Amino acid sequence: MRKFESNKLVLATHNPGKVKEISRLLKDFNLEIISAADFGIIEPEETEMTFTGNARLKALHSAHQSGIPALADDSGLVIPALNGQPGIFSARWAGPNKDFNSAIERVENELIGKTDLSASFVCALALAWPDGHVEIVEGRCDGQLVFPARGTHEFGYDPIFIPQGHEKTFGEMTLEEKALLSHRTNAFKMLVDGCFNL
């Protein structure tokens, strides 16, 4: 994998929560981290049908627009009983106002009558350089869904997801507890091992 040697990195997102989480994961590398929103980069339409495809598209777009290496993630909740939905449409299920309470309600309604409540969070990370080179990794966290939602750390579908081998939902865990298990952390470990450990 290509080594990352810049001291600046664009995060290809307009989501402040994601900027905070990713900045924390990269805190040891002494990088100047700038979000696509701060750069005034308009988010591209996500036209791909996979997490890795959309992560690649977003990372390349921000790298080309900024002239600086860019990191994008595409992540979501995959539910086998719903044929993998919401999957790449996880954020879109929350609508334009990012109302995840209504998205969680939709998941619960769609699962009525189904006995399989297994689910996985998946995160694809793409690191793109302005010359078009891209490195991609994908992490996952398997678990079960639970209703009603539990926990006050409301980030997306976290309050209905219990990771395998645990009793708390992501919504009930501290950020530190979640960071030890999450799909994004798993993906970051792969990316850091491949590109950042010089």
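So, here is what we can say about the structure in this document. Only a predicted model underlies this, so the values are computations on that prediction, with no experimental measurement involved.

Some thoughts on the overall build of the protein chain
For step 1, the next point in the chain: Assigned secondary structure in the protein chain consists of six helices and six strands.
For step 2, the next point in the chain: Reading the protein chain from its N terminus to its C terminus gives the helix and strand order β-α-β-α-α-β-α-β-β-β-α-α.
For step 3, the next point in the chain: Its C-alpha radius of gyration of 17 Å places the protein chain within 12% of the 16 Å reference for a compact globule of 198 residues.
For step 4, the next point in the chain: Along the first, second and third principal axes, the C-alpha set of the protein chain runs to 50 × 30 × 25 Å.
For step 5, the next point in the chain: Here the protein chain holds 198 residues, and 46% of them are scored as buried.
For step 6, the next point in the chain: Relative to all contacts within the protein chain whose residues are 6 or more apart in sequence, the contacts with residues 24 or more apart total 61%.
For step 7, the next point in the chain: Accessible surface, the protein chain: about 9,900 Å² in total, of which carbon and sulfur atoms supply 50%.
For step 8, the next point in the chain: The average position of the 19 basic charges and that of the 27 acidic charges among the side chains of the protein chain differ by 2 Å.

Things to note about the pattern of salt bridges
For step 1, the next point in the chain: All told, the structure shown has 13 salt bridges when counted by the stated rule.
For step 2, the next point in the chain: Of the charged contacts in the structure, one is a salt bridge between Asp-73 and Lys-18, with a shortest N-O distance of 2.7 Å. Highlighted residues: Asp-73 in strand β3 (residues 70-78) and Lys-18 in helix α1 (residues 16-25), separated in sequence by 55 residues.
For step 3, the next point in the chain: Judged by its relative accessible area of 14%, Lys-18 falls in the buried class.
For step 4, the next point in the chain: Beyond isolated ion pairs, a larger network of salt bridges with shared partners links Lys-18, Glu-21, Asp-73 and Arg-184.

Considering the environment of Leu-145
For step 1, the next point in the chain: Here Leu-145 lies in strand β5 (residues 134-145).
For step 2, the next point in the chain: Along the sequence, Leu-145 and Ala-37 sit 108 residues apart, while their C-alpha atoms lie 33 Å from each other.
For step 3, the next point in the chain: The residues touching Leu-145, leaving out its near neighbours within four places in the chain, are Leu-77, Ile-79, Val-107, Leu-111, Leu-117, Ala-119, Ile-160 and Phe-161.

Overview of the environment of Val-19
For step 1, the next point in the chain: Topologically, Val-19 is positioned in helix α1.
For step 2, the next point in the chain: Distance from Val-19 to Ser-35, taken between C-alpha atoms, is 6.9 Å for residues 16 residues apart in sequence.
For step 3, the next point in the chain: Once you skip the residues sitting within four places of it in the chain, Val-19 turns out to touch Leu-11, Thr-13 and Ser-35.

Considering the pairing of strand β2 (residues 32-35)
For step 1, the next point in the chain: Note that strand β1 (residues 8-11) and β2 share four bridges and pair parallel. By the bridge assignment for β2, Val-10 is matched with Ile-34.

Topic: the packing of aromatic side chains
The description of an aromatic ring pair uses the distance of the two centres, along with the angle that the planes make with each other.
For step 1, the next point in the chain: Inspection of the entire model under this criterion finds six aromatic pairs.
For step 2, the next point in the chain: When the ring of Phe-29 is compared with that of Phe-196, the centres are 5.2 Å apart and the planes differ by 55°; the resulting orientation is tilted. Here the residue Phe-29 occupies a position in the loop between α1 and β2, and Phe-196 occupies one in helix α6 (residues 183-196), the gap between them amounting to 167 residues.
For step 3, the next point in the chain: Note on Phe-196: relative accessible area 6%, which makes it buried.
For step 4, the next point in the chain: One aromatic cluster is present, formed by Phe-4, Phe-29 and Phe-196 through successive ring pairs.

Rules of the game
Residues numbered from 1 in each chain as written. Predicted model: local features only at pLDDT ≥ 70, side-chain atom pairs only at ≥ 80, totals over all residues. Heavy atoms only, no water. Helix = DSSP H or I, 4+ residues; strand = E, 2+ residues; numbered from the N terminus. Rg over C-alpha atoms; globule rule 2.2 N^0.38 Å. Buried < 20%, exposed > 50% of the residue type's maximum accessible area, 1.4 Å probe, protein only. Contact = heavy atoms within 4.5 Å. Areas by Shrake-Rupley, 256 points an atom, 1.4 Å probe, with all protein chains shown as cover. Lys, Arg positive; Asp, Glu negative; His and termini not counted. Charge placed at Lys NZ, Arg CZ, Asp CG, Glu CD. Salt bridge = Lys/Arg side-chain N within 4 Å of Asp/Glu carboxyl O. Pairing = 2+ DSSP bridges. Phe/Tyr/Trp six-rings, centres within 6.5 Å; stacked < 30°, edge-to-face > 60°.

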